[in-house]
Amino acid sequence: MLYTSTRGGVGPVNSSTAITRGISSDGGLFVPHEFPQISNDNLLLLKELSYQDVAKKILCKFLSDYTIYEVDKIVNKAYGTNFNNTKIAPLIKLSNDIFVCELWHGPTSAFKDIALQLLPSLMSNSLKKCNIDEKIIILVATSGDTGKAALEGFCDVDKTEVVVYYPKHGVSDIQYLQMATQRGDNTNVIAVEGNFDDTQNGVKKIFKDKELNKNLFDKGYRLSSANSINWGRLLPQIVYYFTSYLAALNVDEIKSKTLLDFVVPTGNFGNILAGYYAKKMGLPIGKLICASNSNKVLYDFMNTGEYNINRNLTKTISPSMDIIISSNFERLLYAASNNDSKFVVNMQTALKNDNCYSVPENIMNIIKSDFQAGWADEDETKKSIKNIWNQYNYLIDPHTAVGFSVLGKIKRSKNKCIVMSTANPYKFASSVLDALTSKKSGNGFKDMQDLIKITSIVPPENLVNLKGKEILHKKKCNKNEMQRALIDIL
Ligand SMILES: *Cc1c(COP(=O)(O)O)cnc(C)c1O
């Protein structure tokens, strides 16, 4: 399998090159040349397989420069006892036609673990295959969850240094503690005075700065990314669309070839894009329902055909979705325009110059045939947490609640539906407690205790153990000083 940049300036390259580079040097994102088809007969053959075995089948199709033995090792290492559920991403039935796929059983209790427990060994292997001897600096811009998941995944991985930038006032206090207490000699955490878009733009600037990159190279460093712009982040996410579909088949909730819809709480468009790729591979998916919080650029786009970032970012109780520029949307534009890199360049240039672009009607129709969109404000999100708890005795976090709220608002197809649950509710204990009781102390740990009293649901160990841990990272910088902060570390 070969990969090309969405902007047409780089490629074809093999998968290990795409993974070690992270972002393409023309500013585009690497995409595979084709989507291997899994026929219905072959899909049925996967029915009895474990999560790990399905992952191996799917990864092998995209990593043609890897041996089966290498993929085997990488997958076994990624999905073991580090997850507190043997199914890795279990499917829960809530009602006759609504299911939840729980993506938060990994070591940091958010869906990012599924990709970031795998990416480090994928990266190490890819470096060897590309004969790269330099130390790799993994640059991460995080709205809260990716940072911790990347730190945990890359902690003490040989020949890597992880540098995480997060918006200082844009993460929950538990997310902050998770990052600030990270152990590991190769881990770095920096608070940026700015919002997530500032942070993400700062990281993109570092990637594009040719002089800086050359200087780093001379010192024996190379930059790469653990954000979902990296193909190695997206690929593992395709797997759980398959396993959750297969789980529904296995309990006879659907028949073979039945279409399922997926609701995906969306920020950078990485999770839902993996679903789109699964559909392109032949998985019977009806609609992919893109759920946004008050930062509803994608919802507005679906209604108007205009992607307009001329707006202020709003801070919400679902901070991992507080994003205005969804990086992975570029990959959708590429696919929906039938791989037209000129079109992608035009759109991205307009975005840079005018803060917006408009997509012609024929391409909008293609996008609308696969996607629906909705959004939920803060009140609706809280109500949704309370409703789902009252109705099903099932506790959800604010991101997942945005998904449920949208599901209740949109015009639904007849298909059964799987809601992607992206974080454990205790990761956002204060907001969840507030939604249930209208009372919160604002202290994450105290609110966690109160939430346990009310719900009797056991919180994950990694969050309980945060209490009293030593703060190891205190660096901060201005949004214009992110490069300086990087140089200071090295
Ligand atoms: C990252 C994240 C999202 C958004 O996922 P994208 O792939 O960026 O669209 C949603 N919910 C949670 C809890 C997350 O951590």
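Residues numbered from 1 in each chain as written. Predicted model: local features only at pLDDT ≥ 70, side-chain atom pairs only at ≥ 80, totals over all residues. Heavy atoms only, no water.

A. Here's a closer look at the environment of Ala248. Tracing the backbone through its elements, the reader meets Ala248 in helix α11 (residues 231-250). Look at Ala248 and you get buried, because its relative accessible area is 1%. Placed 158 residues apart in sequence, Ala248 and Val406 show a C-alpha to C-alpha distance of 22 Å. When residues no more than four places from it in sequence are discounted, the contact partners of Ala248 are Leu91, Glu253, Ile254 and Leu260. (Helix = DSSP H or I, 4+ residues; strand = E, 2+ residues; numbered from the N terminus. Buried < 20%, exposed > 50% of the residue type's maximum accessible area, 1.4 Å probe, protein only. Contact = heavy atoms within 4.5 Å.)

B. Structural detail: helix α18 (residues 398-409). With 12 residues, α18 should cover 16 Å at 1.5 Å per step; its first-to-last C-alpha distance of 16 Å lies within 8% of that length. For α18, the tally of buried residues reaches 10 of 12 residues, placing the bulk of the element in the interior. Residues Pro398, His399, Thr400, Ala401, Val402, Gly403, Phe404, Ser405, Val406 and Leu407 constitute the buried set of α18. (Expected span 1.5 Å × (residues − 1).)

C. Representation of the environment of Thr81 within the structure. Mapped onto the secondary structure, Thr81 falls in the loop between α4 (68-78) and β4 (91-93). When the C-alpha positions of Thr81 and Gly106 are compared, they lie 9.1 Å apart, and in sequence the two are 25 residues distant.

D. Representation of the nonpolar core within the structure. Phe62, Tyr79, Ile238, Tyr241, Phe242 and Tyr357 are the most contacted members of the largest nonpolar core, which totals 111 residues. Ranked by residue count, the leading element in this core is α11, at 12 residues. Sequence-distant contacts of Phe242, that is, excluding residues within four places in its chain, are made with Ile38, Leu43, Val54, Ile58, Ala278, Met281 and Leu283. (Core = buried A, V, L, I, M, F, W, Y, C linked by side-chain atoms within 4.5 Å.)

E. View of the site of the ligand. Not every one of the 15 residues close to the ligand is listed here, only the nearest: Lys112, Asp145, Gly267, Asn268 and Asn271. In this structure, Phe269 approaches the ligand through a main-chain N or O atom, which is 3.0 Å from an oxygen atom. Interatomic distance of 3.1 Å between a backbone N/O atom of Gly270 and an oxygen atom of the ligand. Here the ligand, which alone exposes 380 Å², has 98% of that area covered by the protein. A per-class count over the shell around the ligand returns 5 nonpolar, 8 polar and 2 charged. (Near = heavy atom within 4 Å. Polar contact = N/O pair within 3.5 Å; in protein donor to acceptor, adjacent residues only side chain to side chain. Areas by Shrake-Rupley, 256 points an atom, 1.4 Å probe, with all protein chains shown as cover. Nonpolar A, V, L, I, M, F, W, Y, C, P; charged D, E, K, R; others polar.)

F. Region of the structure containing the sheet that holds strand β9 (residues 221-225). Taken together, the 5 strands give an open sheet; going across it, the order is β9-β6-β7-β8-β16, and neighbouring strands pair in parallel fashion. Either end of the sheet is taken by a strand with one partner, and the two such strands are β9 and β16 (475-478). Strand-to-strand twist of the sheet, defined as the mean angle between neighbouring strand axes without regard to direction, takes the value 30°. Here 4 bridges tie strand β8 (residues 187-193) to β16, and the two strands are oriented parallel to one another. Across the sheet, Ala191 pairs through a bridge with Lys476, a residue of β16. (Pairing = 2+ DSSP bridges. Axes fitted to C-alpha atoms, helices over the stretch in contact; angles between N-to-C directions.)

G. Broad picture of the pattern of salt bridges. Evaluated as defined, the whole model comprises 23 salt bridges. Between Lys409 and Glu380 there is a salt bridge whose closest N-O contact spans 3.0 Å. Residue Lys409 is found in helix α18, and its partner Glu380 is found in helix α17 (residues 378-392); the two are separated by 29 residues along the sequence. (Salt bridge = Lys/Arg side-chain N within 4 Å of Asp/Glu carboxyl O.)

H. Examining the packing of aromatic side chains more closely. Taken as a whole and assessed by the stated rule, the structure comprises 18 aromatic pairs. For the ring pair Phe269 and Phe329, a centre distance of 5.0 Å and an interplane angle of 80° mean the geometry is edge-to-face. Remark: Phe329 occurs in helix α14 (residues 329-336) and Phe269 occurs in the loop between β10 (260-265) and α12 (270-280); sequence separation between them is 60 residues. Classification of Phe269 by relative accessible area gives buried; the value is 2%. An angle of 35° between the planes, with centres 5.4 Å apart, marks the rings of Tyr276 and Phe371 as tilted. Pair noted here: Tyr276 is in helix α12 and Phe371 is in strand β14 (residues 371-375), with a separation of 95 residues, a long-range link. For Tyr276, a relative accessible area of 4% translates into the label buried. Linked through ring pairs, Tyr3, Phe35, Phe62, Trp231, Phe269, Tyr276, Tyr277, Phe301, Tyr307, Phe329, Tyr357 and Phe371 together constitute an aromatic cluster. Over the ring of Tyr66 we find Lys129, and its NZ or CZ is 4.7 Å from the ring centre. The ring centre of Trp375 lies 5.1 Å from the NZ or CZ of Lys296, which sits over that ring. (Phe/Tyr/Trp six-rings, centres within 6.5 Å; stacked < 30°, edge-to-face > 60°. Lys NZ or Arg CZ within 6 Å of the ring centre and 35° of its normal.)

I. Here's a closer look at the pairing of strand β1 (residues 2-5). Bridge analysis of β1 against strand β2 (residues 13-14) gives 2 bridges, and the strand direction is antiparallel. Within the sheet, the bridge partner assigned to Tyr3 lies in β2 and is Val13. Direction of pairing for β1 relative to strand β3 (residues 30-32): antiparallel, over a ladder of 3 bridges. If you follow Ser5 over to β3, its bridge partner there is Phe30.

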